[in-house]
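# Geometric and topological summary
Now for the letters of each chain:
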Amino acid sequence: MTETVPHGSPADRIDLAPDAFPADSPFANEDLRPVPVSERRWTTYNFAALWISMAHCIPSWTLASGLVALGMDWKQAVFTIALANVIVLLPMLATGHAGPKYGIPFPVLARASFGLRGANVPALIRAAVACGWFGIQTWIGGSGVFLLGSKLTGGEWENAGRIAGNPWPLWLCFLLFWAVQIAIILRGMDFLRHFENWAAPFVLVGAFALLVWIAVQADGFGELLSQPSRLGWGADFWPVFFPSLMGMIGFWATLSLNIPDFTRFGASQKAQTWGQSLGLPTTMTLFAVLAVLVTSGSEVVYGEPIWDPVTLAAKADNVFGLLFALVTVLVATVSVNIAANVVSPAYDLANLAPRLITFRTGALITGVVGVLIFPWKLISTPEFYIFTWLGVVGGLLGTVAGILIADYWIVRRTVLHLADLYTPGGRYWYAAGWNWRALAAFVAGGVLAVGGSYSTVNADGVASGPFPANGLIPPLKPLADYGWAVGLAASLLLYVALMPAGRQRAAG
């Protein structure tokens, strides 16, 4: 008997006996082994606090600004963000179910469908995406520290010598911000849980403080709230709405996969289900409304809408306000970046070579790659950020999510054999550790999801992204605006069709 239901614990929490597989298994280390039931302690508040602290970040705040820049009014922008987060919550709950039940992280869960070796394919794709996000968030956080620090020094930082086109203090802030995050994650997951618990209310207070401050300054909230949509609700709206919706889904698409990395510490299914449901869609919608209100007030005070909360905070004329804003920016960005973009690739890289790479080593590799991808270029324009980066990323990760959901819920009916997830030759070994059915579903779904990716062209003939105007694969261009949904649905259906024999094996 290698798997047990501990006495006194709910029947949906499975433990693994210490000697269930060889101690020298090449597919296990202490970071990848199931979390013992006794150590699964995260409560509803822990999961809600995790989402509150992750959602309250600068990129979340500026999502609405990107949509308004594309022609939406504030109500359309908030509606798009709210709907996207309700939709993306569903695969998060579906993939998160295996965490409290089996105590396993995402790359181990992926072994059930892709095989013990094949799981490295989705794991490394997700790791690459998370590294990109880590770099983006670190650049944004470092830039915020630089801007507020420059204000405190009377603008001297902005006049400092330049390296690669930017003042050297900006690069210093970027590197220091990077070092702080790595230092925190190296303390381990329990330390992260405590950090997120107090970061969530602190950042929320900071956001409302900014709202109160601008409301007092503006004596109202200005014209932005009454500004009509340039798109209306007709034929001009929907071509912008659907790719924007997929882009907003893509914002959290990585977390829809790696959420088992956190739910594996959950005290129960109820804790992760309620914690995520209360934490994600409500927080993102509230944050979008706050962003719109504060930005509208800034238009009254300064004559133009200021969507960047750091730029707006830098307008404060007292040292206390600037220091409070600086600390808020630090806490907000660090809390989301570590949880969303360091934890998961660290597990993914550990899965690649468990004997050589630990969770901490994986975190360091993530930090280095996040610098090398030049994050400042990924967020250069709203079109590139929303359609190209978020759209393509969402399409690929939706494809992986479809396979995981199909395998766990439809093929295996949530029944996994834990020891075989770490043992060569077991149920999930397939052909030398690779399940060609999952790979075929991934390739087919990925091509359908992102094969039609295209760049819009302005009146001067300048493309907004790296793709051809008629799409990489022209016949697939109509699907490009729905990449996440297309990838998830196509891979799910194809995987189920290819795995009839897998059902019998799963029950064996």
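Above this text is the structure in question.
Everything numeric in this text was worked out from a predicted model, so none of it was measured.

Below, the discussion takes up the overall build of the protein. If you tally the helices and strands in the protein, you get 21 helices and 4 strands. Taking all 508 residues of the protein together, 58% fall into the buried category. Sequence separation of 24 or more characterises 82% of the internal contacts of the protein that already satisfy a separation of 6 or more. Of the accessible surface of the protein, which amounts to about 19200 Å², a share of 68% is contributed by carbon and sulfur atoms.

Quick look at the environment of Gln-76 now. Mapped onto the secondary structure, Gln-76 falls in helix 3 (residues 74–96). Here Gln-76 falls in the buried class, since its relative accessible area comes to 0%. The sequence separation of Gln-76 and Trp-233 amounts to 157 residues, and the corresponding C-alpha distance is 8.9 Å. Apart from the residues within four sequence positions on either side, Gln-76 is in contact with Gly-71, Ser-229, Gly-232, Trp-233 and Phe-237.

Before going further, it helps to spend a moment on helix 2 (residues 58–69). The end-to-end C-alpha distance of helix 2 is 17 Å, a good match for the 16 Å that 12 residues give at a rise of 1.5 Å each. Where burial is concerned, most of helix 2 is hidden: 10 out of the 12 residues are buried. Within helix 2, the full set of buried residues consists of Ile-58, Pro-59, Ser-60, Trp-61, Leu-63, Ala-64, Ser-65, Gly-66, Leu-67 and Val-68. The first or second residue beyond helix 2 is Gly-71, which carries a positive phi of 115°.

A ring pair, where both rings are aromatic, is described by two values, the distance of the centres and the angle of the planes. Taken as a whole and judged by the stated rule, the model has 19 aromatic pairs. Both rings, one in Trp-238 and one in Phe-242, keep their centres 5.9 Å apart while their planes meet at 35°; by these two values the pair is tilted. Taken together, the residues Trp-238 and Phe-242, both in helix 9 (residues 238–251) and 4 residues apart, mark about one turn of the helix. Taking the relative accessible area as the measure of exposure, Phe-242 reaches 27% and is therefore partly exposed. For the ring pair Phe-241 and Phe-242, a centre distance of 5.1 Å and an interplane angle of 70° mean the geometry is edge-to-face.

Let us now look at the environment of Phe-262. Along the chain, Phe-262 turns up in helix 11 (residues 260–263). Residues Phe-262 and Phe-47, 215 residues apart in the sequence, show an inter-C-alpha distance of 8.4 Å.

It is worth spelling out the side chain of Thr-283 at this point. Structurally, the position occupied by Thr-283 is in helix 12 (residues 269–302). Of the residues examined, Thr-283 reaches a relative accessible area of 7% and is grouped as buried.

By the secondary structure assignment, Ser-150 is in helix 6 (residues 120–152). Apart from residues no more than four positions distant in its own chain, Ser-150 is found in contact with Gly-155, Glu-156, Trp-157 and Glu-158.

For the rest of this paragraph, the subject is the packing of helix 6 against helix 15 (residues 343–352). Where helix 6 meets helix 15, the axes come as close as 9 Å, and the angle between the chain directions of the two elements is 145°. Like other packed secondary-structure pairs, helix 6 and helix 15 cross with a definite hand, here left-handed. Mapping the contact onto sequence places Asn-120, Ala-123, Leu-124, Arg-126, Ala-127, Ala-130 and Cys-131 in helix 6 and Ser-344, Pro-345, Asp-348, Leu-349, Asn-351 and Leu-352 in helix 15. For the contact of helix 6 with helix 15, the per-class residue count stands at 8 nonpolar, 3 polar and 2 charged.

Once that is clear, we can look at the environment of Val-368. Secondary-structure assignment places Val-368 in helix 16 (residues 359–372). Given the relative accessible area of 45%, Val-368 is considered partly exposed. Separated by 233 residues in sequence, Val-368 and Gly-135 have C-alpha atoms that sit 9.0 Å apart.

Reading guide: rules and limits
- Residues numbered from 1 in each chain as written.
- Predicted model: local features only at pLDDT ≥ 70, side-chain atom pairs only at ≥ 80, totals over all residues.
- Heavy atoms only, no water.
- Helix = DSSP H or I, 4+ residues; strand = E, 2+ residues; numbered from the N terminus.
- Buried < 20%, exposed > 50% of the residue type's maximum accessible area, 1.4 Å probe, protein only.
- Contact = heavy atoms within 4.5 Å.
- Areas by Shrake-Rupley, 256 points an atom, 1.4 Å probe, with all protein chains shown as cover.
- Expected span 1.5 Å × (residues − 1).
- Phe/Tyr/Trp six-rings, centres within 6.5 Å; stacked < 30°, edge-to-face > 60°.
- Axes fitted to C-alpha atoms, helices over the stretch in contact; angles between N-to-C directions.
- Left-handed = near helix turned anticlockwise from the far one by under 90°.
- Nonpolar A, V, L, I, M, F, W, Y, C, P; charged D, E, K, R; others polar.

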